[in-house]
Amino acid sequence: MKTFPTSAVWCFGILIISVSLITTGSSEVQVVGPADRVIALAGDDIILPCSLKPSVSAEDMTVQWTRLNLKADILHLYRDHQDSYVDQSPSYRGRTSMFHEELKNGNVSLKLTRVTLSDGGCYRCFIPTLTSQVKETTVQLLVGAVSQPVISIDGTKYWGVVLKCESGGWFPEPEMEWLDSSGTFLPADGPPERHRDSEGLYAVRRQVTVNKTDTNRFTCRVQQPEINLMKETEIHVPDDVFPILPYWWKVGLLIAAAVIVLAAVVVLTASAGVYMWRKHTEKKIRKLLEEQGDVRFVNRNKVHLIQSVTMVIPMAFYLIRSERYSEIHAATTRQDQMIRLYQALDSGGNQVKSDFYRILLDLEPDVVNDRGAKEETRTRAGFGGERSRDCEGVNREIGGESYEGVAVLVH
Ligand SMILES: *[C@@H]1O[C@H](CO)[C@@H](O)[C@H](O)[C@H]1NC(C)=O
Ligand SMILES: *[C@@H]1O[C@H](CO)[C@@H](O)[C@H](O)[C@H]1NC(C)=O
């Protein structure tokens, strides 16, 4: 009798304990999501994981999947042992399902098919019928998009070939790099060009100028670390695409060197020629000037010479033609003789006058020097003007009538 109540109390105690154990046990059931966000590519079918822990059956529970955006769209609702699509957001119509055979294991994951970029975001797995504190969890979905890069040959630059890599339809924004066949990064021609299309996808383009290598193989790598995806395309550039500049460079240098040497030779020869020609011309001109000086002396001092010279007359025979000489001889006075001699000189031209001056200088130097000194004084007095006039005179003579004078000098 004594033990009954004791055992009853003990049983009751057991009962209390077990009831409280069951109660605490069920109230500790939690909703658990994935440790990481879910990553998918546009078009994929994915599972948004959600389950009960410990794994009690969820068959009798209500499970609500919503999207955590402003409108809190309902994706999926499981209630009264069946799926309910009454309040489902239209953008998810026909794309959601739950694994009914998994519900007894506490697996309330949602399957979402044909994900789009706009599906990216946060989702809530909510079990309102749970009595515990943790009745919901969130799942982050990242939807990416990738595409294979395309390489094209974009011409040549110096000794290299310009390669262009393009890849559109990426999300999130990817990185693009160029590598050689040994996996070494190549310095690109600049940072990648990026733009975003109307659907929010990124397109990237990057150029590189590559030199000839053993393999001529180059790789364009596009990667998106967030979605942990990488796409590579390799190109083999045929040898003959590379400019054959190294060879042409040599030929070009040779040609350039030859041209320079040739130009130098031409310039030297030309300047030597010009120098010689100038020397020659100077000599000619000096000679001509001398002669012109003599002629001018003879012309200028006509009156004086007619009056003062005597000895020169017999010598004039050598200068002029014999019939004129006899004419001179026939004149009675010395002045007359000189006048006739001058007439003969005038018709004889510059050379004869020049020769006459030389004979004069020989035979009657006093007369010449005397007149010469007077002339010089006069010339000095009007140095510039006289001088330039002289030159003009000479030039005129050279250019014009005095052909004879030049001819004489040449011989
Ligand atoms: C839930 O069930 C699906 C379908 O069988 C499975 O792929 C997923 O891994 C399960 N999740 C958990 C947390 O057991
Ligand atoms: C290609 O060669 C040129 C000239 O030798 C050099 O300046 C350039 O850096 C090279 N490019 C690469 C990618 O090695």
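Anything mentioned here points back to the structure above.
Peer 1: Honestly, unusual backbone geometry in this entry has me stumped. Any pointers?
Peer 2: Phi is mostly negative for residues that are not glycine, and the peptide bonds are mostly trans. Between K53 and the following residue, P54, the backbone shows a cis peptide bond with an omega angle of -5°. Inspection of the secondary structure assignment puts P54 in the loop between β4 (51–53) and β5 (63–67). Each neighbour pair has its own omega, and for F171 with P172 the value is -10°, a cis peptide bond. Looking at where P172 falls in the secondary structure, it is placed in the loop between β13 (160–170) and β14 (175–180). Notably, H81 is not glycine yet its phi reads approximately 65°, a positive angle. Along the chain, H81 turns up in the loop between β6 (74–79) and β7 (82–84). A relative accessible area of 53% means that H81 is categorised as exposed. Phi at Y158 is positive, roughly 50°, even though this residue is not glycine. The topology assignment puts Y158 in the loop between β12 (150–157) and β13.

Peer 1: Help me out: how do you make sense of the state of the cysteines in this one?
Peer 2: Throughout this description, disulfide means a covalent bond between two cysteine sulfur atoms. One pass over the structure, following the stated rule, counts two disulfides. The disulfide bridge from C50 ends at C125, spanning 1.9 Å between sulfur atoms. Between C50 and C125 the disulfide shows an S-S torsion of about -80°. By sign, it is left-handed. Linking C50 in the loop between β3 (46–48) and β4 with C125 in strand β10 (residues 121–126), this pair joins segments that are 75 residues apart in sequence. On the accessibility criterion, C125 (0% relative accessible area) is buried. Put simply, C165 and C220 are joined by a disulfide, and their sulfur atoms are 1.9 Å apart. With the S-S dihedral at roughly -80°, the linkage between C165 and C220 falls on the left-handed side. One end of the pair, C165, is in strand β13; the other, C220, is in strand β17 (residues 217–224), and 55 residues separate them in sequence. Taking the relative accessible area as the measure of exposure, C165 reaches 0% and is therefore buried.

Thresholds, definitions, all that
Residues numbered from 1 in each chain as written. Chains lettered and ligands numbered in written order. Predicted model: local features only at pLDDT ≥ 70, side-chain atom pairs only at ≥ 80, totals over all residues. Heavy atoms only, no water. Helix = DSSP H or I, 4+ residues; strand = E, 2+ residues; numbered from the N terminus. Buried < 20%, exposed > 50% of the residue type's maximum accessible area, 1.4 Å probe, protein only. Disulfide = S-S within 2.5 Å.

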